[in-house]
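The residues making up each chain are set out below.
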Amino acid sequence: MSPLPTSSASGSPLQALQSALRPPPAQAKPRLLVAGATGVLGNEVLRRLVGSGRYAHTEVLATEAMATGLSGVSIALAGLPSPIAQWAARPLPAHTGLVMFEPPRMYYGRERTLWTPAPSELPALAQWLKRCGVQALVVVVPHATGRLPDALKRGLANLDEQAVAALGFERLLLVRSARKAQDAAGKNVLERVAAWMLSTLRFMIPQAEQPVRPAKLAEFVDAALQLLPPGTHVAAPELLWQANQSGSRSGRGTGQAGGGMQGVVQDWLAAARNPAQNSAPNAKPD
């Protein structure tokens, strides 16, 4: 019995050329899950990441259902009053997670319904985000200005951070952001006097450890999420100060004004890969 005839066009050079010229399938955009989208910082970071167009959808944790004013953003109800360990994972997995701790501005009704974690809840929250499919996690860790020991600026500061790092995220970034002094309004006379006396100490704090502008911190987080390689990374206050001085241009930079935020991040990562060239006080990945 003779074999069936085959098409002469099968496996032809023309088909091979057409296959090579055919554009690859578009890669699906990741989903973003945000905890703590409150305060000036939370608002800036959320608007920048959502406006980047790099995420298919963004979910923001809240205590009540509400409408959002941003396209592609929806509310994910926190599983309160149950502890975080008992929360159910989100129906659709999220690739990127973002955690911030800035308290809500109570005169904004919308922010009163957003859920902001306490720092002590970070390990449990990170485990829940891991169950939700998060592979890249950014945590903006606030600290008192000028009170962070040098040994902790570029490494894991406590057991909670070590527990988060041990969960095995593909990429983990801890951003050590100096916290602005709280407003003395509403305090008694002695508290206001003490706050004033402490505020005079800010002139003794190095400029590189001062709080950075929320818009610049949001720009740094955005650039880091685009460039960060796998592993655990810690952004020290000095690195954020360099980011605060950067211009808005993208591309290579030196960390000086006008260098561009992506240049600051690229220089930081390059210095981390070559410790011998890391003479500047940049943060180094662990």
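Our subject is the structure that appears above.
For the structure given in this document, a descriptive report is provided here.

Rules of the game
- Residues numbered from 1 in each chain as written.
- Predicted model: local features only at pLDDT ≥ 70, side-chain atom pairs only at ≥ 80, totals over all residues.
- Heavy atoms only, no water.
- Core = buried A, V, L, I, M, F, W, Y, C linked by side-chain atoms within 4.5 Å.
- Buried < 20%, exposed > 50% of the residue type's maximum accessible area, 1.4 Å probe, protein only.
- Helix = DSSP H or I, 4+ residues; strand = E, 2+ residues; numbered from the N terminus.
- Contact = heavy atoms within 4.5 Å.
- Pairing = 2+ DSSP bridges.
- Right-handed = clockwise from strand over helix to strand, strands pointing away.
- Axes fitted to C-alpha atoms, helices over the stretch in contact; angles between N-to-C directions.
- Parallel < 35°, antiparallel > 145°, perpendicular 65-115°, else oblique.
- Nonpolar A, V, L, I, M, F, W, Y, C, P; charged D, E, K, R; others polar.
- Expected span 1.5 Å × (residues − 1).
- Left-handed = near helix turned anticlockwise from the far one by under 90°.

Some thoughts on the nonpolar core
- By size, the foremost hydrophobic cluster in this structure holds 37 residues, and its most contacted members are Val34, Val60, Leu98, Leu173, Val175, Phe220 and Trp268.
- Per element, the largest residue contribution to this core is seven residues, and it comes from helix α8 (residues 214–227).
- Each residue touching Val34, except ones within four places of it in the same chain, is listed here: Leu46, Thr58, Glu59, Val60, Leu61, Leu98 and Met100.
- Among the nonpolar cores identified, the runner-up in size contains 26 residues, and Ala78, Cys132, Leu137 and Phe169 belong to it.

Thoughts on the pairing of strand β2 (residues 57–62)
- Within β2, five of the six residues are buried, leaving the element largely enclosed by the surrounding structure.
- Bridge count between strand β1 (residues 31–35) and β2: four bridges; the pairing is parallel. Looking across to β2, one finds that Leu33 is bridged to Glu59.
- In this fold, β1 hands off to helix α2 (residues 39–51), which returns the chain to β2; that crossover is right-handed.
- Summarising the sheet, β2 and strand β3 (residues 73–77) pair through five bridges and their orientation is parallel. Following the sheet pairing, Ala62 is matched in β3 by Leu77.

Quick look at the pairing of strand β4 (residues 96–99)
- Alternating positions in β4 separate into two faces, Thr96 and Leu98 on one and Gly97 and Val99 on the other, with burial throughout.
- Note that β1 and β4 share four bridges and pair parallel. Among the inter-strand pairings, Val34 is bridged to a residue of β4, identified as Leu98.

A few points about the packing of α8 against helix α9 (residues 237–245)
- α9 packs onto α8 with a crossing angle of 105 degrees between their chain directions and a minimal axis gap of 9 Å. Between α8 and α9, the angle is such that the two are roughly perpendicular. In contact with Lys216, Leu217 and Phe220 of α8, α9 contributes Leu239, Leu240, Ala243 and Asn244.
- Along the lines of polarity and charge, the residues of the contact of α8 with α9 split into five nonpolar, one polar and one charged.

Comments concerning the environment of Pro103
- Counting through the fold element by element, Pro103 comes out in the loop between β4 and α3 (109–113).
- Taking relative accessible area as the criterion, Pro103 reaches 54% and is therefore assigned exposed.
- Considering only alpha carbons, one finds Pro103 and Leu41, 62 residues apart in sequence, at a separation of 9.8 Å.
- With residues near it in sequence (within four places) discarded, Pro103 still touches Thr38 and Gly39.

What about unusual backbone geometry?
- For the bond running from Leu80 to Pro81, omega is 5 degrees, close enough to zero to count as cis.
- The residue Pro81 is located in the loop between β3 and β4 in this model.

Notes on α9
- Of all nine residues that make up α9, seven are buried, and the element is covered over most of its length.
- Along α9, the residues that are buried comprise Pro237, Glu238, Leu239, Leu240, Gln242, Ala243 and Asn244.

Brief notes about α8
- The first and last C-alpha atoms of α8 sit 20 Å apart over 14 residues, in line with the 20 Å expected at 1.5 Å per residue.
- Burial of α8 is extensive: 10 of the 14 residues sit out of reach of the surface.

Things to note about the packing of α8 against helix α10 (residues 261–273)
- At a closest axis distance of 9 Å, the pairing of α8 and α10 adopts a crossing angle of 55 degrees. As judged from the angle between their axes, α8 and α10 are oblique. Note that α8 runs across α10; the crossing there is right-handed. Note on element contacts: α10 touches α8 through Met261, Gln262, Val265, Gln266, Trp268 and Leu269, opposite Lys216, Glu219, Phe220, Ala223, Ala224, Gln226 and Leu227.
- Taken together, the residues of the contact of α8 with α10 sort by class into eight nonpolar, three polar and two charged.

Comments concerning the side chain of Thr58
- Tracing the backbone through its elements, the reader meets Thr58 in strand β2.
- Setting aside its immediate chain neighbours within four residues, Thr58 contacts Leu32, Val34, Leu46, Val50, Gly72, Val73 and Ser74.

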